[in-house]
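# Structure assessment
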Amino acid sequence: MKIIRINKENWADGLEKLKRSYRLFGPVKDNNLHVFKELDKGELPDCSYFNTRLSPKSIIYPQSEIMLEYELDESKEDHHILKEIDTDYSPRAVIGIRPCDAAAFLLVKRNFDTPEYKDPYWIKSYEATTFVGLACNNPQTTCFCTSAGSGPFYEKGLDLLLVDIGDYYFAKIITLKGENFLEAAGWDTEADGNAEEQIKTMKQKAEAKIISSIATDKLKDKTTTDLFDAPFWEEVAFACINCGACTYVCPTCWCFDIQDEVNGYSGIRMRNWDSCMFPLFTLHGSGHNPRSTNMQRFRQRFMHKLKYYVDKYNDGIQCVGCGRCTRLCPANIDIRKVCNLMNGYSA
Amino acid sequence: MSTKIIQHDINLEPFMSKSPDFNRKSILMQTERSFKSEIINIITLTALEKLFHIRISDHFERENFSFLPGQFVMLHLPGCGEVPISISSSVSNKEYIELCIRKVGKVTGMIHRLEPGAIVGIRGPFGTHFPVQKMTGCDVLLIAGGLGIAPLRSPIYWINEHRSKYRDISIMYGARDPDQVLFDYQFEEWKKIYGLKLLTIVQNAGKNWKGRVGLITDLFKEITIDPENTFAIVCGPPVMFKFVCAHLSDVGIPRHRMFVSLERRMHCGMGKCCRCNVGSTFTCLDGPIFDYWTVMNLKEAI
């Protein structure tokens, strides 16, 4: 695989060039916290960040997305007919996305891109995006990506992997999209022969910094009903206040809600992120709720990520180990603890 | 600037190239197709339930719309919202579909205020169906509680239209109050079908009720079940499933020959929004019709 060396003095120029053919998104500091947003002219992504509080999933899958629009005015010819709206699906690139967050899109893709039903909104955004990852040199204590199927230098899901070496970046080309991206920026200095070796050493260093891990090897063979009835759920769910923060910050949570909204005679159908932590998520019209208690909803989240998903796709858990839910939970609930309880449980 | 950015064109995907058999302006929304339809008739059944006859406006779309007993559609009221409703008409009725709707929330409340001629949208059909073809040569037990009779009308019509393929048919229907009994105007017609036994029961009899009084499980005393050759179709409130299916198991009907129709809150109908999941299955894709063996192994199902 080809590795390109990008000197940091050429960084800003290259990005400006890229803005002519891509919409660029990157981490920017906003009110002391980093968020992914579209970069304005002259704005640079802040690549010194650790990670954003909200995951970059909103670049592909906005928190609120208009799906269709319609007219209710009966004097108009096509009133009451749902129509497609103009959405910008022009090429875009996410600069500085962490490898774990990029890998999360692959997990979510299994839901939106199935043989029976392909979600046009998600797939179009995904296909239009080039993922330019930034290898993680300093993972934090809440990171457990290496045991959750990704890693600080993980390449799957990325088109290009940037490694920060100090005065310059190494850009490892992973896909054709990544190659095109470099070409558009005009970065073409090939790195010397040691680059591969250097990246490898840094990778090992970064991986060694990850001190926490989860065990997932036994989840597949556990009986769902046993895990479901396990006595530890009441205990671990006790502190949960069902605020839903974990689901909103999670890069792999995809549940959504569809709503119609009308203003005068024109209406839209939109979809919004939703959370399995809320009672309304499953409340029937009749008043019956299959998941009416706090504990049932808590269990649903972890069973879905760590058991149902494993059973359904037979390719690992629905978690990349970014640690956001653990860092941001107001009740200190730790997915690593729950996962290890589930993995170690025997009925 | 000339860069060779190779973008994947989704319109070239095979699933996108199908003819647009829906009323959208472009082919992008293949997965979001919604048929423009008209409410052609409304029959008031009780204070809470109405039966809507809905006809797909476009001739071509109407001809091509087909479903199987037990499937559901998403009924869309532009500006209000969308609800999943089981189809309760015969599959051979190509003119219109019938939807029996109880007034419970925002969208259904608004649908109840509509008058014939109103424009609505239909998406679907979605979900699994009762395996009526597999039931040939056997007795069929159809057990409904309350509004559960609505999805059962479709298999009842099916059986009536293919009567020679089935043996004895029993319909057991229980409601809470006499004024909540649905489709009572059709009972006489059903009773006349060859070899069909219709048993109804209510929990709280009023002054005018002359029929049986009690719970639906009381009706089992009146029928004999040949467990080796019987299929059961059960639909009703969750509490009813437990008692009825437990009884049927005791009689000896294998669990994989009992079929239940589950209810879940749904939004997309395509297994994307994830709210109708029961374990690792989605009610909108893998259901709403499940065999009882599967239900037993799915927690939170009923």
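Residues numbered from 1 in each chain as written. Chains lettered and ligands numbered in written order. Predicted model: local features only at pLDDT ≥ 70, side-chain atom pairs only at ≥ 80, totals over all residues. Heavy atoms only, no water.

## With respect to the overall build of chain A
When its secondary structure is counted, chain A shows 11 helices and 11 strands. Against the compact-globule benchmark of 20 Å for 347 residues, chain A has a radius of gyration of 22 Å, which places it among compact chains. Its C-alpha atoms give chain A principal-axis dimensions of about 65 × 65 × 40 Å. Sorting the 347 residues of chain A into buried and exposed places 57% on the buried side. For chain A, restricting intrachain contacts to residue pairs at least 6 apart in sequence, the fraction spanning at least 24 positions comes to 74%. Accessible area for chain A stands at about 14,600 Å²; split by element, carbon and sulfur atoms hold 48% of it. Treating the 43 positive side-chain charges of chain A as one cloud and the 48 negative ones as another, the clouds have centres 6 Å apart. (Helix = DSSP H or I, 4+ residues; strand = E, 2+ residues; numbered from the N terminus. Rg over C-alpha atoms; globule rule 2.2 N^0.38 Å. Buried < 20%, exposed > 50% of the residue type's maximum accessible area, 1.4 Å probe, protein only. Contact = heavy atoms within 4.5 Å. Areas by Shrake-Rupley, 256 points an atom, 1.4 Å probe, with all protein chains shown as cover. Lys, Arg positive; Asp, Glu negative; His and termini not counted. Charge placed at Lys NZ, Arg CZ, Asp CG, Glu CD.)

## Details of the pattern of salt bridges
Residue and element names in this part refer to chain A. All chains considered together, the criterion is met by 30 salt bridges over all chains. As a salt-bridge pair, Arg271 and Glu65 come within 3.1 Å of each other at their nearest N and O atoms. Of this pair, Arg271 sits in strand β11 (residues 266-273) while Glu65 sits in strand β4 (residues 64-71), placing them 206 residues apart in sequence. No difference in accessibility class separates Arg271 from Glu65, as the two residues are buried. The closest approach of N and O atoms between Asp315 and Arg110, which form a salt bridge, is 2.6 Å. Residue Asp315 is located in the loop between α9 (294-313) and α10 (324-328), and its partner Arg110 is located in helix α2 (residues 99-112); the two are separated by 205 residues in the primary sequence. (Salt bridge = Lys/Arg side-chain N within 4 Å of Asp/Glu carboxyl O.)

## Brief notes about the sheet that holds strand β4 (residues 81-86) of chain B
Residues and elements named next belong to chain B. What the six strands build is an open sheet, ordered β4-β3-β6-β1-β2-β5; its pairing is antiparallel. Of all strands in the sheet, those bounded by a partner on one side alone are β4 and β5 (97-102). Sheet twist, expressed as the mean angle between neighbouring strand axes with direction ignored, is 40°. (Pairing = 2+ DSSP bridges. Axes fitted to C-alpha atoms, helices over the stretch in contact; angles between N-to-C directions.)

## Focus: the interface of chain A and chain B
Tallying the contact residues gives 62 residues for chain A and 54 residues for chain B. Area buried by chain A at its contact with chain B is led by Glu84, Tyr117 and Lys118 of chain A, which between them contribute 12% of it. Where chain A touches chain B, the interface holds four salt bridges. The tally of links between chain A and chain B comes to 21 residue pairs in polar contact (both at pLDDT 80 or more). Residue assignment for the side of chain A that touches chain B shows that the elements contributing at least two residues are β4, β5 (83-84), α2, α3 (120-128), α4 (176-185), α6 (224-228), β10 (256-263) and α9 of chain A. (Buried area = accessible area lost by both parts, 1.4 Å probe. Polar contact = N/O pair within 3.5 Å; in protein donor to acceptor, adjacent residues only side chain to side chain.)

## Here's the deal with the domain arrangement of chain A
Residues and elements named next belong to chain A. Domain parsing of chain A yields domain 1 (3-57 + 89-208) and domain 2 (224-344). A straight line from the C-alpha centre of domain 1 to that of domain 2 covers 27 Å. Contacts between the two partners involve 27 residues from domain 1 and, on the opposite side, 27 residues from domain 2. Summing the contributions of domain 1 and of domain 2, the shared interface buries around 2,400 Å²; its carbon and sulfur component is 59%. (Domains from an automatic or database assignment.)

## Concerning the nonpolar core
Grouped together as the largest cluster of nonpolar side chains are 86 residues, with contacts concentrated most on Ile6, Trp11, Leu18, Leu24, Trp122, Phe181 and Trp187 of chain A. In terms of residue count, the dominant contributor to this core is α2 of chain A (eight residues). Not counting the four nearest positions on each side in its chain, Trp11 of chain A is found in contact with Ile6, Leu44, Pro45, Cys47, Ile95, Leu162, Tyr169 and Trp187 of chain A. Of all hydrophobic cores here, the second largest spans 60 residues; its members include Cys100, Ile122, Ile159 and Val202 of chain B. (Core = buried A, V, L, I, M, F, W, Y, C linked by side-chain atoms within 4.5 Å.)

## Considerations on empty space enclosed by the protein
All names here are of chain A. Inspection of every chain in the model, using the stated rule, returns nine cavities of 30 Å³ or more. Empty space within the largest cavity amounts to approximately 160 Å³. Those elements that provide at least two residues to the lining of the largest cavity are α8 (245-249), α9 and α10. With three residues, α9 is the single largest residue contributor to the lining of the largest cavity. Looking at side-chain class alone, the lining of the largest cavity contains 15 nonpolar, two polar and one charged residues. (1 Å grid on protein atoms, 1.4 Å probe; cavity = no way out; pocket = protein on both sides within 12 Å on 5 of 7 lines; lining within 4 Å. Points joined across faces, edges and corners; volume = space filled by probe spheres on them. Nonpolar A, V, L, I, M, F, W, Y, C, P; charged D, E, K, R; others polar.)

## A few points about helix α11 (residues 335-344) of chain A
All names here are of chain A. Those residues of α11 that fall on the buried side of the exposure criterion are Ile335, Arg336, Val338, Cys339, Met342 and Asn343. Projected down its long axis, α11 shows its buried positions confined to an angular sector of 165°, all on one face. Among the exposed residues of α11, those oriented more than 90 degrees off its buried face are Lys337 and Gly344. Where the residues of α11 are buried, they touch α6, α7 (232-237), α9 and α10. The N-cap residue of α11 is Asp334: its side-chain oxygen and the backbone nitrogen of Arg336 are 2.8 Å apart. (Arc of directions from axis to C-beta.)

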